[in-house]
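Structural overview for review
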Amino acid sequence: MTGENQLVDASRTPDVLPPGPPPADPVTPAPAAPRRSRARRLAVPASYLAGAVAAFAYVGTVDPNEPGHYPVCPLFRLTGVLCPGCGGLRSAHAFAHGDLVTALGANALAVTGYFVFAGFMALWLVRAFRGGPVPRIVMRRPYWWGLGVLALVFVVVRNLSFGSMLAP
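From a predicted model like this one, the values you see are computed outputs, not experimental measurements. (Residues numbered from 1 in each chain as written. Predicted model: local features only at pLDDT ≥ 70, side-chain atom pairs only at ≥ 80, totals over all residues. Heavy atoms only, no water.)

**Thoughts on the side chain of Asn107**
Test applied: Strands are runs of DSSP state E lasting at least 2 residues, helices are runs of H or I lasting at least 4, and numbering of each runs from the N terminus. Residues adjacent in sequence count toward polar contacts only when both atoms are side-chain atoms; beyond that, a polar contact is any pair of N or O atoms within 3.5 Å, and within protein one must be able to donate a hydrogen and the other to accept it. Between two residues, a contact is recorded if the distance between any of their heavy atoms is within 4.5 Å.
Mapping Asn107 onto the fold places it in the loop between helix H4 (100-106) and helix H5 (108-130). Of the polar contacts made by the side chain of Asn107, one reaches the backbone oxygen of Cys86; its length is 3.1 Å. Excluding residues that lie within four positions of it along the chain, Asn107 makes contacts with Pro84, Gly85, Cys86, Gly87, Gly88, Ser91, Phe154 and Arg158.

Have a look at this one:
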């Protein structure tokens, strides 16, 4: 049979591979992604932290209790209703000066946010330092609804007479 043309069924031949990318070799591991230097990993969280520190430094320097420095809340100006953010700048000013009691009195919800942000930033910086993944805030839908209800209750209570302690 040498020299004769032979017909070969390609579907039965094990050496013929289907078109497309070659299959992954189970023995050889995939090449690892190049590792970034520690300074590059810390650059993004450090820039976010620097922005927050700059914002607090500005609000700590320019007193929101003096009229004319910041605009008035549009909701409060039009309706007289305190929104969840009303008193946030005064709270940040007091917080920047280390007066936690005054900060809580101006806007307790904002102070809670400051501490959540600080915890998130600390976790992000530690993970970036160690080369770990960026932390993510992942909550199920009922928890988001719960936070929304909490903010709504905060708004309602601070606008009622018995909740005046929450008003700025």
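Still more ground to cover, so stick around.
**Re helix H6 (residues 141-158)**
The condition is simple: By definition here, a helix of n residues has an expected span of 1.5 Å times n minus one. Each residue is placed in one exposure class: buried if its accessible area under a 1.4 Å probe, protein chains only, is under 20% of its type's maximum, exposed if it is over 50%, and partly exposed if it falls in between.
Taking 1.5 Å per residue as the helical rise, H6 with its 18 residues ought to reach 26 Å, and the 26 Å between its terminal C-alpha atoms agrees with that figure. Along H6, the residues classified as buried are Phe154, Val155, Val157 and Arg158. Packing partners of the buried residues in H6 comprise H4 and H5.

**Some remarks on the packing of aromatic side chains**
Stated precisely, the cut-off is as follows: A pair of Phe, Tyr and Trp rings is counted when the ring centres sit within 6.5 Å of each other, with Trp represented by its six-membered ring. The angle between the planes then sorts it: under 30 degrees is stacked, over 60 is edge-to-face, the rest tilted. For a Lys NZ or an Arg CZ to count as sitting over a ring, it must be within 6 Å of the ring centre and within 35 degrees of the ring normal.
In total, this model carries 7 aromatic pairs according to the counting rule given. Ring geometry for Tyr48 and Trp124: centres 5.3 Å apart, planes at 50°, overall tilted. Linking Tyr48 in helix H1 (residues 38-61) with Trp124 in helix H5, this pair joins segments that are 76 residues apart in sequence. Ring geometry for Tyr58 against Tyr70: centres 6.3 Å apart, planes inclined by 85°, an arrangement best described as edge-to-face. A residue pair is termed long-range when its members are at least 10 positions apart, and Tyr58 in helix H1 and Tyr70 in the loop between H1 and helix H2 (74-79) qualify at 12 residues. According to the relative accessible area criterion, Tyr58 is partly exposed, its value standing at 47%. Put simply, the rings of Phe56, Phe95, Tyr114 and Phe115 pair up and form one aromatic cluster. Positioned above the aromatic ring of Phe129, the side-chain terminus of Arg38 is 4.0 Å from the ring centre.

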